[in-house]
Amino acid sequence: MKTIIKYFFAALLIGGTAFAANAQESQSQISQKPGKYEVTTRLTEKVGTYEQRKLYREFLTEYMKNCPYISNFSVHEVIDANNNHDVVWTYDVSGWNDITRFYSWIGDHLKAAQKDGLKMAMTPYAPDYAIGGQIHLEKRNSNELAKSKNKLNNANG
């Protein structure tokens, strides 16, 4: 049964990657630009085994590339946590309005009747999806922005 679940999520991850690759060019460029601020949000995953949650984290990271309001999204376990359910979301934004739009974007996907990729990737946070968590906004210094822009330019060739 575990093998079937792993293959199912792998197929979803591949499908999500294909979907992201076919996204409109302008939306892709917007989401790839490094932001002026780095946001960290501490959350708790409630549902799933450790292996399932790791897989959901990978899928969520991949799916967040579709969000036009953030860039450089990642999910990491909290280093000093007592258990592996405590995680931190890290992403870049241009300002506080992008954070508001980001959470609205997530909320719209979660309210949708169909079970899309984001809703599936958010399974560890179900059933109440308390994803506001502790939000910390920090201005990135100019050296970090320059490094991000260089990486972006090198990646785009």
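A brief structural summary. (Residues numbered from 1 in each chain as written. Predicted model: local features only at pLDDT ≥ 70, side-chain atom pairs only at ≥ 80, totals over all residues. Heavy atoms only, no water.)

### Description of the overall build of the protein chain
Here comes step 1: Summing up its helical and strand segments, the protein chain has 6 helices and 4 strands in all.
Here comes step 2: When its helices and strands are written in sequence order, the protein chain yields α-α-β-α-β-β-α-α-β-α.
Here comes step 3: Summed over all atoms, the accessible surface of the protein chain reaches about 9500 Å², with 52% contributed by carbon and sulfur. (Helix = DSSP H or I, 4+ residues; strand = E, 2+ residues; numbered from the N terminus. Areas by Shrake-Rupley, 256 points an atom, 1.4 Å probe, with all protein chains shown as cover.)

### Thoughts on helix 3 (residues 50-63)
Here comes step 1: The end-to-end C-alpha separation of helix 3 is 20 Å, in line with the 20 Å expected for 14 residues at 1.5 Å each.
Here comes step 2: The set of residues buried in helix 3 consists of Arg 53, Leu 55, Tyr 56, Arg 57, Phe 59, Leu 60, Glu 62 and Tyr 63. (Expected span 1.5 Å × (residues − 1). Buried < 20%, exposed > 50% of the residue type's maximum accessible area, 1.4 Å probe, protein only.)

### Focus on the sheet that holds strand 2 (residues 71-77)
Here comes step 1: The strand order 2-3-1-4 describes an open sheet built from 4 strands, whose pairing is antiparallel. On the outer flanks of this sheet lie strand 2 and strand 4 (134-139), each paired with one strand and no other. Looking at each pair of strands side by side, their axes are set apart by 15° on average, direction ignored.
Here comes step 2: Bridge count between strand 2 and strand 3 (residues 86-93): 5 bridges; the pairing is antiparallel. (Pairing = 2+ DSSP bridges. Axes fitted to C-alpha atoms, helices over the stretch in contact; angles between N-to-C directions.)

### Observations concerning the packing of aromatic side chains
Here comes step 1: Across all of its chains, the model carries 8 aromatic pairs by this definition.
Here comes step 2: Ring centres of Phe 73 and Tyr 91 lie 6.2 Å apart, and the angle between their planes is 25°; on these two criteria the pair is classed as stacked. Placement of the pair is Phe 73 in strand 2 and Tyr 91 in strand 3, with a sequence separation of 18 residues. Comparing Phe 73 with Tyr 91 shows no difference in burial state: the two are buried. (Phe/Tyr/Trp six-rings, centres within 6.5 Å; stacked < 30°, edge-to-face > 60°.)

### Comments concerning unusual backbone geometry
Here comes step 1: Residue Ala 126 is joined to Pro 127 through a cis peptide bond whose omega torsion reads 5°.
Here comes step 2: One non-glycine residue, Asn 72, lies in positive phi territory at about 55°.
Here comes step 3: Summarising the element assignment, Asn 72 is placed in strand 2.
Here comes step 4: A residue is classified by how much of its surface remains accessible, and Asn 72, at 47% relative accessible area, is partly exposed.
Here comes step 5: Positive phi outside glycine occurs at Tyr 129, with the angle close to 50°.
Here comes step 6: Within the secondary structure layout, Tyr 129 lies in the loop between helix 5 (117-121) and strand 4.
Here comes step 7: A relative accessible area of 22% means that Tyr 129 is categorised as partly exposed.

### Describing the environment of Val 75
Here comes step 1: With respect to the secondary-structure elements, Val 75 resides in strand 2.
Here comes step 2: Relative accessible area serves as the criterion here: at 12%, Val 75 is assigned to the buried category.
Here comes step 3: Along the sequence, Val 75 and Leu 60 sit 15 residues apart, while their C-alpha atoms lie 8.3 Å from each other.
Here comes step 4: Setting aside residues up to four positions removed in sequence, Val 75 forms contacts with Arg 57, Leu 60, Thr 61, Val 87, Val 88, Trp 89 and Tyr 125. (Contact = heavy atoms within 4.5 Å.)

Purely spatial values, then, with no claim about function.
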